[in-house]
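Now for the letters of each chain:
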Amino acid sequence: MKNLNDITIVIVTYKTAEKIIFDCLKSINSQVKVIIVENSKHFALEKKIQSNFPNIKVSCSGENLGYGKGNNYGLKQVETRYALILNPDVVCENNFFNNVVDVVNQTKDFTIIGCQYLNDKIFMPAGFFDKEKNDKFKNDFTNNKIDDLYKVEWVTGCSMLINLEKFTDKEIFDKNFFLYFEEIDLCKSIVKKGENIFTSKKLKIHHLGFKSS
């Protein structure tokens, strides 16, 4: 990755509250292109957002496509090599975009890099499908014994960096999943192909949770 021009953020919304989405957008570096997919026919905040954030494009899907299909809708409009999937109730840490270029350049071969939470110690941001491996990772993660960049088998979908060159098309998520577990299904298919998924300590976000719509 040369610079932040190599990345596009995709945010899927559905009648998201103004404060939630604005807090998210304010935390994004203005150099980064952003595509908001509003999963309905009309986005009431479109003019206000575009007048405040010239780096943002709004695209209404016309119906509630759900999370996976909504992200596919947005990914088809991405022209950069990398896409960052963000939930609208996510706020990026201050150094997030300073770090993202370095993290990508340090990671020689990846399909997905997942982010980690700033304050949440309850939900794990990543893990393994095998219970024994997952329990060991959970213990090491909780006790801060993992590397800055750690290879895993799944990451949470609220904030994930995708290397689009690893996919033959941009129908990345299975459209049969309307909401929840789309990212787990995606990660499982990536692991089966023998490709790499990582979690990064340098990419931190604050996730409100269940505030996207």
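Refer to the structure printed above.
Below is a summary of the structure that appears in this document. Since the model is a prediction, treat every value here as computed from it, not as a measurement. Position labels on residues start from 1 in each chain and follow its written sequence. The predicted nature of this model means local features are confined to residues of pLDDT at least 70 and side-chain atom pairs, given and counted, to a pLDDT of 80 or more, with totals for whole chains, interfaces and linings taken over all residues. Hydrogens are left out, water is left out, and the side-chain values use all remaining heavy atoms of the structure.

**Brief notes about the nonpolar core**
Right, on to step 1. Only buried Ala, Val, Leu, Ile, Met, Phe, Trp, Tyr and Cys residues count toward a nonpolar core, and they belong to the same one when joined by side-chain atoms within 4.5 Å. Exposed residues in this analysis have more than 50% of their type's maximum accessible area, buried residues have under 20%, and partly exposed residues fall in between, with area computed by a 1.4 Å probe over protein chains only. Counting 39 residues, the largest nonpolar core has Ile11, Leu25, Ile28, Ile36, Ile49 and Phe97 as its most contacted members.
Right, on to step 2. Looking at this core, the element that brings in the most residues is helix H4 (residues 96-106), giving 6 residues.
Right, on to step 3. Contact definition: two residues touch when any of their heavy atoms are within 4.5 Å. Sequence-distant contacts of isoleucine 49, that is, excluding residues within four places in its chain, are made with Ile21, Phe22, Leu25, Ile36, Phe43 and Ile56. Every helix listed is a DSSP run of H or I at least four residues long, and every strand listed is a run of E at least two residues long, numbered separately from the N terminus.

**Observations regarding unusual backbone geometry**
Right, on to step 1. At lysine 15, a residue that is not glycine, the phi angle is positive and equals roughly 55°.
Right, on to step 2. Within the fold, lysine 15 resides in the loop between strand S1 (7-13) and helix H1 (18-26).
Right, on to step 3. Judged by its relative accessible area of 59%, lysine 15 is exposed.
Right, on to step 4. The phi torsion at asparagine 144 lies on the positive side, around 55°, for a residue other than glycine.
Right, on to step 5. On the accessibility criterion, asparagine 144 (56% relative accessible area) is exposed.

**Points about the pairing of strand S6 (residues 112-117)**
Right, on to step 1. Taken across its 6 residues, S6 has 6 buried, putting it largely inside the fold.
Right, on to step 2. Taken together, the 3 bridges between S6 and strand S10 (residues 159-163) define a ladder with antiparallel strand orientation. Opposite isoleucine 112, over in S10, you have isoleucine 162 as the bridge partner.
Right, on to step 3. Note: S6 against strand S11 (residues 197-207), 5 bridges, orientation parallel. From the neighbouring strand, isoleucine 113 faces S11, where its bridge partner is phenylalanine 198. Should DSSP find at least two bridges between two strands, the strands are taken to pair.

**A few points about helix H3 (residues 67-75)**
Right, on to step 1. The element H3 is largely enclosed, with a buried count of 7 among its 9 residues.
Right, on to step 2. Every buried residue of H3 is listed here: Tyr67, Gly68, Gly70, Asn71, Asn72, Gly74 and Leu75.
Right, on to step 3. Packing partners of the buried residues in H3 comprise S1, strand S2 (33-38), strand S4 (82-86) and helix H6 (182-192).

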